[in-house]
Amino acid sequence: MKLGVIGAGAWGTALAQVAARGDSPVTLWARESEVVDAINARHENSIFLPGVALSPTIRATDRLSDLDDLDALLVVVPTQHIGAVLGETKVAGRPLILCAKGIEAGSKRLVSEVAADAHPDSPLAVLSGPTFAHEVAAGLPTAVTLACADEALARRLSDRIASATFRPYASNDVVGAEIGGAVKNVLAIACGVVEGAGLSLNARASLIARGFAEMTRFGMARGARQETLAGLAGLGDLVLTCSSTSSRNFSLGVGLGQGIAAEALLSDRKTVAEGAATAPVLREAARDAGVEMPIAQAVCDLLGGAPLDAVMDALLQRPLRPEGV
Ligand SMILES: NC(=O)c1ccc[n+]([C@@H]2O[C@H](COP(=O)([O-])OP(=O)(O)OC[C@H]3O[C@@H](n4cnc5c(N)ncnc54)[C@H](O)[C@@H]3O)[C@@H](O)[C@H]2O)c1
Ligand SMILES: O=P(O)(O)OC[C@H](O)CO
């Protein structure tokens, strides 16, 4: 199965490296000509994944038409740009493996809904889980959820990308895998705030647990299965992202917790913190679904400039309630 990757940020580049194991040829579409040049000339993505020696079988291009002859495409563009990029891509019924973690602002569409609207004839899979790009690119052990309604296709895709250190676990719960990845980014911002404000470890563990309850409530209201949310793409990724400054979302939260304005933290950045764009649309989608998400609400308030003390008070003064989801 010949694979192409759309998007040469850190994650698209790491996934190209996964797909190139065993010297398989992989075509990687990058938006930036300097990324194309660096990968083709020096086998390094010095802008988005510096310091990783890439397989020489990865060929970068800035022409989407160079992906026309491939068998399946991994889509690794940030969520807010997927509609535009897929609109320019000739897909012709080929499988799309969706690897971004977010919800589209405005339309409130999950990435699979954006892809289905753009390419209704293509089978869709979602690849999600606890995956820092630099660790995957370095060949460190990693497990992911690969969700696809077509179980035979999930098996073929898994066989193609699996290795001794990269383990896809098959699922047919596409919505659950997507919601886990999108919601954990928002919760990671909240955990970063706890770190930045020096609120310490009890508070962070409580946010992870209560955040997981929010993720589960919202996911189940949208048709996700609890076991998916409790798996790699939900709880697994939540734990990873809420624990490390390697996470861009967590780091954004650290800055907010230190009292730096969101605008200053987000301006001029080359890399994406998906949770910042997802938080407001998640809040709206939760309202539509009749689901309470106070932590997601708190993240929206902080991103909107509300003072940390007031946001904390609003969370801590909520009425006491039973613990169940
Ligand atoms: N980095 C990780 O460890 C990691 C792991 C798993 C999932 N993800 C997800 O993968 C997706 C991509 O993130 P990343 O980390 O590879 O990105 P990145 O932060 O490393 O790079 C930013 C990317 O955005 C692209 N971009 C910027 N403006 C664009 C535009 N107008 N149109 C199209 N593309 C544009 C850039 O070309 C680049 O590919 C995100 O949804 C992220 O949540 C990332
Ligand atoms: O750096 P982040 O916060 O975008 O997280 C990266 C991955 O999603 C972790 O699984």
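Remember, predicted model here, so these are calculated numbers, not experimental data.

1. Examining the site of ligand 2
Of all residues adjacent to ligand 2, which total 13 residues, the nearest are Lys184, Asp237, Ser247, Arg248 and Asn249. Between ligand 2 and the protein, one listed contact pairs an oxygen atom with a backbone N or O atom of Gly129 at 3.2 Å. With respect to ligand 2, the side chain of Asn249 contributes an N or O atom lying 2.7 Å from an oxygen atom. Protein coverage of the free-state accessible area of ligand 2, which is 300 Å², stands at 92%. Those elements giving two or more residues to the shell around ligand 2 turn out to be α10 (232-241) and α11 (248-257). A total of three residues in the shell around ligand 2 trace back to one element, the largest contributor, which is α10. Residue composition of the shell around ligand 2, grouped by class: three nonpolar, six polar and four charged. Both domains that meet at the shell around ligand 2, namely domain 1 (3-172) and domain 2 (175-316), each give it at least three residues.

2. Quick word on unusual backbone geometry
Residues other than glycine seldom take positive phi values, yet Asp23 does so here, at roughly 60°. With respect to the helices, strands and loops of the structure, Asp23 is situated in the loop between α1 (10-19) and β2 (26-29).

3. Some thoughts on the UniProt feature "binding site: sn-glycerol 3-phosphate" (unreviewed entry) in the protein chain
UniProt records the feature "binding site: sn-glycerol 3-phosphate" (unreviewed entry) at Lys101, Gly129, Thr131, Lys184, Asp237, Ser247, Arg248 and Asn249, using the numbering of this structure. Within the secondary structure, Lys101 is located in the loop between β5 (96-98) and α4 (111-118). What Lys101 contacts, discounting residues up to four positions off in sequence, is Thr79, Ser128, Gly129, Thr131, Gly181, Ala182, Lys184, Asn185, Asp237 and Glu274. Side-chain polar atoms of Lys101 contact the backbone oxygen of Gly129, separated by 2.9 Å. Its location among the elements puts Lys184 in helix α7 (residues 174-196). The buried category is assigned to Lys184, whose relative accessible area is 5%. Excluding residues within four positions of it along the chain, Lys184 makes contact with Lys101, Met215, Asp237, Leu238 and Thr241.

What counts and what doesn't
- Residues numbered from 1 in each chain as written.
- Chains lettered and ligands numbered in written order.
- Predicted model: local features only at pLDDT ≥ 70, side-chain atom pairs only at ≥ 80, totals over all residues.
- Heavy atoms only, no water.
- Near = heavy atom within 4 Å.
- Polar contact = N/O pair within 3.5 Å; in protein donor to acceptor, adjacent residues only side chain to side chain.
- Areas by Shrake-Rupley, 256 points an atom, 1.4 Å probe, with all protein chains shown as cover.
- Helix = DSSP H or I, 4+ residues; strand = E, 2+ residues; numbered from the N terminus.
- Nonpolar A, V, L, I, M, F, W, Y, C, P; charged D, E, K, R; others polar.
- Domains from an automatic or database assignment.
- UniProt positions renumbered as here; feature names shortened; annotations may be inferred.
- Contact = heavy atoms within 4.5 Å.
- Buried < 20%, exposed > 50% of the residue type's maximum accessible area, 1.4 Å probe, protein only.

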